[in-house]
Amino acid sequence: MRAVALLIALSACAAFAEEAVPPSLALKVMLKVLSYDPALATHGSGEFVIAIPFGGNGDAAAALVKECDALEVKTLNDRPLRFVAMPVKDLEAKKPTAVLLLDAVADDVRADALKWSLGAKAYSLALGADEVSNGALLGLGVANGKPQPII
């Protein structure tokens, strides 16, 4: 029975990984899911800062910040929402509320950001399903042509 359940779970993950959700739609869905988290208030007050960590070159993170800034969603449960590109080494000092993991950065940068978020009890978000299987809290996949949150 466990083998069947594992096979079904792995098949579902593979189905989610087949298609990518546009970043702006993925972020809208993830922010909506986060707004329902009963523990959201325990993650600080004031600005809800989502860091987009990078290693060497921050061009991909900066481009995603621009895309995020264009979203019509500007608050999360009445907290001002801010996206910021941030070197992964600065996460500990800046202590953002969440990290948004990019595929465009080196594996060690994503791993360091994920490790920091787990230790700091910060939200870890991913634009795809793969990072959820690596430990990210929330990502997005596609099922039956529709975006689906993956926790």
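Above: the structure in question.
Residues numbered from 1 in each chain as written. Predicted model: local features only at pLDDT ≥ 70, side-chain atom pairs only at ≥ 80, totals over all residues. Heavy atoms only, no water.

Q: Honestly, the nonpolar core in this entry has me stumped. Any pointers?
A: Where a protein is soluble and globular, its nonpolar side chains tend to be buried together. Core analysis: the biggest nonpolar cluster contains 45 residues, and Met-30, Phe-48, Ile-50, Phe-83, Leu-100 and Leu-125 have the highest contact counts within it. Every element with two or more residues in this core is listed here: α2 (23-35), β1 (48-54), α3 (59-69), β3 (79-87), β4 (98-101), α5 (107-120), β5 (123-126) and β6 (139-143). When sequence neighbours within four positions are dropped, the list of residues in contact with Phe-48 reads Leu-34, Leu-40, Leu-76, Arg-79, Pro-80, Leu-81, Arg-82, Thr-97, Ala-98 and Tyr-123. (Core = buried A, V, L, I, M, F, W, Y, C linked by side-chain atoms within 4.5 Å. Buried < 20%, exposed > 50% of the residue type's maximum accessible area, 1.4 Å probe, protein only. Helix = DSSP H or I, 4+ residues; strand = E, 2+ residues; numbered from the N terminus. Contact = heavy atoms within 4.5 Å.)

Q: Would you explain the environment of Ala-62 in this entry?
A: Within the fold, Ala-62 resides in helix α3. Note on Ala-62: relative accessible area 39%, which makes it partly exposed. For the pair formed by Ala-62 and Ile-52, sequence separation is ten residues and the distance between their alpha carbons is 8.2 Å.

Q: Explain the sheet that holds β1 to me, please; I cannot follow it from the model alone.
A: Backbone-to-backbone hydrogen bonds pair the strands of a sheet. The strands run either parallel or antiparallel. In spatial order, the strands read β2-β3-β1-β4-β5; together these five strands make up an open sheet with mixed pairing. Only two strands of the sheet have a single partner each, and these edge strands are β2 (75-76) and β5. Packing of α3 onto the sheet brings it into contact with β1, β3 and β4, and relative to β3 it is tilted by some 165°. Set on the sheet, α5 makes contact with β1, β4 and β5; between it and β4 the angle comes to about 155°. (Pairing = 2+ DSSP bridges. Axes fitted to C-alpha atoms, helices over the stretch in contact; angles between N-to-C directions.)

Q: Help me understand the packing of aromatic side chains, please; the structure alone is not making it clear to me.
A: The geometry of an aromatic ring pair is captured by the separation of the ring centres together with the interplanar angle, meaning the angle of the planes. Per the stated rule, a full pass over the model turns up one aromatic pair. Ring centres 5.9 Å apart and planes at 35° place the aromatic pair Phe-48 and Tyr-123 in the tilted group. Separated by 75 residues along the polypeptide, Phe-48 in strand β1 and Tyr-123 in strand β5 bring together distant segments of the chain. By relative accessible area, Tyr-123 is classed as buried at 3%. (Phe/Tyr/Trp six-rings, centres within 6.5 Å; stacked < 30°, edge-to-face > 60°.)

Q: I would appreciate a short explanation of the environment of Leu-31 in the present structure.
A: Summarising the element assignment, Leu-31 is placed in helix α2. The class for Leu-31 is buried, based on a relative accessible area of 4%. The residues contacting Leu-31, other than those within four sequence positions of it, are Ile-50, Val-73, Leu-76, Leu-81 and Phe-83.

Q: Can you walk me through unusual backbone geometry in this structure?
A: If a residue is not glycine, its phi is most likely negative; likewise, a peptide bond is most likely trans. At Asn-77, a residue that is not glycine, the phi angle is positive and equals roughly 50°. Tracing the sequence through the fold places Asn-77 in the loop between β2 and β3. A relative accessible area of 42% means that Asn-77 is categorised as partly exposed. A positive phi angle, close to 50°, is found at Lys-95, a residue other than glycine. Checked against the element boundaries, Lys-95 lands in the loop between α4 (91-94) and β4. Taking the relative accessible area as the measure of exposure, Lys-95 reaches 51% and is therefore exposed.

Q: Looking at this structure, how should I read the pattern of salt bridges?
A: Oppositely charged side chains are able to pair whenever their charged atoms sit close together. Scanning the entire structure with this criterion turns up six salt bridges. We note a salt bridge from Glu-92 to Lys-95, for which the minimum N-O separation is 2.5 Å. Residues participating in the shared-partner salt-bridge network are Asp-107, Arg-110 and Glu-131. (Salt bridge = Lys/Arg side-chain N within 4 Å of Asp/Glu carboxyl O.)

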